[in-house]
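Structure assessment
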Protein chains: 2
Amino acid sequence: MEKLFQIIEEPISIEKTVGLVSRRDAGAINTFIGTVREFTKGKRTLYLEYQAYQSMAEAKLAEIGNEIIDQWPDSKVAITHRVGRLDIEDIAVVIAISTPHRADSYEASRYAIERTKEIVPIWKKEHWEDGEEWIGNQTETKSFVSGKPEEGDMC
Amino acid sequence: MEKLFQIIEEPISIEKTVGLVSRRDAGAINTFIGTVREFTKGKRTLYLEYQAYQSMAEAKLAEIGNEIIDQWPDSKVAITHRVGRLDIEDIAVVIAISTPHRADSYEASRYAIERTKEIVPIWKKEHWEDGEEWIGNQTETKSFVSGKPEEGDMC
């Protein structure tokens, strides 16, 4: 059986991730797909590189899954994150959450992507048109000035 | 080129619907998948039948697409709805919306499914364990007593 929380190097299959949560008592599956965007505030990204310590990152994804079950007990959650080199428009993450009714699937999905960005240690190297830069982990970089998250080149 | 707003009889390909909105300037694709749920308030559904006047239903889906572009100008929208006989767990509808940033993809997607249920004329016959019933169109049936939507057997 496929794992519900996975870090993989190959392209992510949306159907496969959705298939992990599809079930007879669900009426809704919200699926969030994060892709690599070309332009961020006028700056062009050429490609990204993600790296993770796989078992730790998968454990963190599973932790998010548990948080979701605590809040939405009727849900089933799967999260697949890709690492390695990703080109523009490639899929970096797929989050699929099935629930009996749609409102919960949206809320739980939104929670899942925010938490993924907050706590999952996946390191990202940005290859811009004019240089490159390691962005610590993929969590949205906090600006030291404003304390607000800065924009990354994915969702 | 595939149509962005489609009524089809075959099983819906999630990847294909997502592919219609994937693009270099998107970082997020929210995908809502409505599936046929087995139990609704303890009542068992065996299968459903959807019928639509295809061109009219597709025009209504396109109208929802326009409403979304008005509110979220950076989005791209595709909606595929299946008709015919659907068994438990089958996918009835896939809504895919790409946006540069994730918040908009969630909001626009939520709007899209609500509007789909409100205005798209797709007729549904419920085959329950103990009988069958045509449910007008697939919009959530209004209760004459409370005026509130009743639950259907999909999302």
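Heads up: the structure comes first, above all this text.
These lines cover the structure that appears in this document, whether it is placed above or below.

Basis of the calculations
- Along each chain, residues carry numbers from 1 onward, in the same order as the chain's sequence is written.
- To label them, take the chains in the order written and letter them from A, then take the ligands in the order written and number them from 1.
- In keeping with the predicted nature of the model, local features appear solely for residues at pLDDT of at least 70, side-chain atom pairs appear and are counted solely at 80 or more, and the whole-chain, interface and lining totals rest on all residues.
- Values shown for side chains rest on all heavy atoms present in the structure; no hydrogens or waters enter the calculation.
- Residue contacts are counted whenever heavy atoms from the two residues lie within 4.5 Å of one another.
- We define buried area as the total accessible area lost by two parts upon association, computed with a 1.4 Å probe and summed across both.
- Think of a salt bridge as a Lys or Arg side-chain nitrogen and an Asp or Glu carboxyl oxygen that are within 4 Å of each other.
- Residues adjacent in sequence count toward polar contacts only when both atoms are side-chain atoms; beyond that, a polar contact is any pair of N or O atoms within 3.5 Å, and within protein one must be able to donate a hydrogen and the other to accept it.
- Labels follow the DSSP assignment, with helices taken as runs of H or I lasting at least four residues and strands as runs of E lasting at least two, numbered in each case from the N terminus.
- The residue classification treats Ala, Val, Leu, Ile, Met, Phe, Trp, Tyr, Cys and Pro as nonpolar and Asp, Glu, Lys and Arg as charged. All others, Gly included, are polar.
- Any two strands are treated as partners once DSSP identifies two or more bridges connecting them.
- Under the scheme applied here, a residue whose accessible area is under 20% of the maximum for its type counts as buried, over 50% as exposed, and between as partly exposed, the area being computed with a 1.4 Å probe on protein chains only.
- Only Phe, Tyr and Trp rings take part, Trp by its six-membered ring, and two of them pair if their centres are within 6.5 Å. Stacked means planes under 30 degrees apart, edge-to-face means over 60, and tilted covers everything else.
- Criterion for a charge above a ring: Lys NZ or Arg CZ within 6 Å of the ring centre, and within 35 degrees of the ring normal.
- Note on geometry: axes are C-alpha line fits, over the in-contact stretch for helices, and angles between N-to-C directions span 0 to 180 degrees.

Moving on to the interface of chain B and chain A. In this complex, chain B contributes 38 residues to the contact, which on the side of chain A involves 38 residues. The junction of chain B with chain A conceals about 3400 Å² of combined surface from both sides, 46% of it contributed by carbon and sulfur atoms. It is R24, R102 and Y106 of chain B in chain B that bury the most area against chain A; as a group they hold 25% of the surface buried on that side. Between chain B and chain A we count four salt bridges in total. Taking the shortest distance from any N to any O, the salt bridge between E114 of chain B and R102 of chain A comes out at 2.8 Å. Viewed at the interface, chain A and chain B are joined by 27 residue pairs in polar contact (both at pLDDT 80 or more). Looking at the side of chain B that touches chain A, the element that brings in the most residues is helix 3 (residues 102-119) of chain B, giving nine residues. For the side of chain B that touches chain A, the per-class residue count stands at 15 nonpolar, ten polar and 13 charged. Relative to strand 2 (residues 28-35) of chain B, strand 2 (residues 28-35) of chain A runs antiparallel, the two sharing seven bridges. In the strand pairing of strand 2 of chain B, A28 of chain A is matched with G34 of chain B.

Bringing the pairing of strand 5 (residues 76-82) of chain B into the picture now. The side chains of a regular strand alternate, residue by residue, between the two faces of the sheet. Residue and element names in this part refer to chain B. Among the seven residues in strand 5, six count as buried, and that is most of the element. With four bridges joining them, strand 1 (residues 5-8) and strand 5 adopt parallel strand pairing. Its bridge partner being in strand 5, Q6 is matched across the sheet by T80. Across six bridges, strand 5 lies against strand 7 (residues 91-99) in antiparallel orientation. Among the inter-strand pairings, I79 is bridged to a residue of strand 7, identified as I95.

Attention now goes to the packing of aromatic side chains. Residue and element names in this part refer to chain A. Throughout the structure, instances matching the rule amount to four aromatic pairs over all chains. Positioned over the ring face of W128 is K43, at 4.2 Å from the centre of the ring. Over the aromatic face of Y47 sits the side chain of R85, whose NZ or CZ is 3.7 Å from the ring centroid.

Taken in spatial order, the eight strands of this open sheet run 1(A)-5(A)-7(A)-2(A)-2(B)-7(B)-5(B)-1(B), and their pairing is mixed. This sheet does not close on itself; its edge strands, each paired only once, are strand 1 (5-8) of chain A together with strand 1 of chain B. Here the average twist between neighbouring strands, direction ignored, is 10°. Sitting on the sheet, helix 2 (residues 54-71) of chain A touches strand 1, strand 5 (76-82) and strand 7 (91-99) of chain A, and the angle it makes with strand 1 of chain A is about 150°. On top of the sheet, helix 2 (residues 54-71) of chain B reaches strand 1, strand 5 and strand 7 of chain B; it is set at about 150° to strand 1 of chain B, its chief contact.

Next up on the list: the pattern of salt bridges. Overall, the coordinates contain 30 salt bridges over all chains when judged by the stated rule. Its salt-bridge partner being E58 of chain A, residue K3 of chain A comes within 2.7 Å of it at the nearest N-O pair. Here K3 of chain A, found in the segment before strand 1, pairs with E58 of chain A, found in helix 2; they are 55 residues apart in sequence, far enough to count as distant. Look at K3 of chain A and you get partly exposed, because its relative accessible area is 42%. For R23 of chain B, the salt bridge identified is with D25 of chain B, shortest N-O distance 3.4 Å. Assessed through its relative accessible area of 16%, R23 of chain B is described here as buried. One network of salt bridges, in which partners are shared, links R24 of chain A together with E38, R44 and E129 of chain B.

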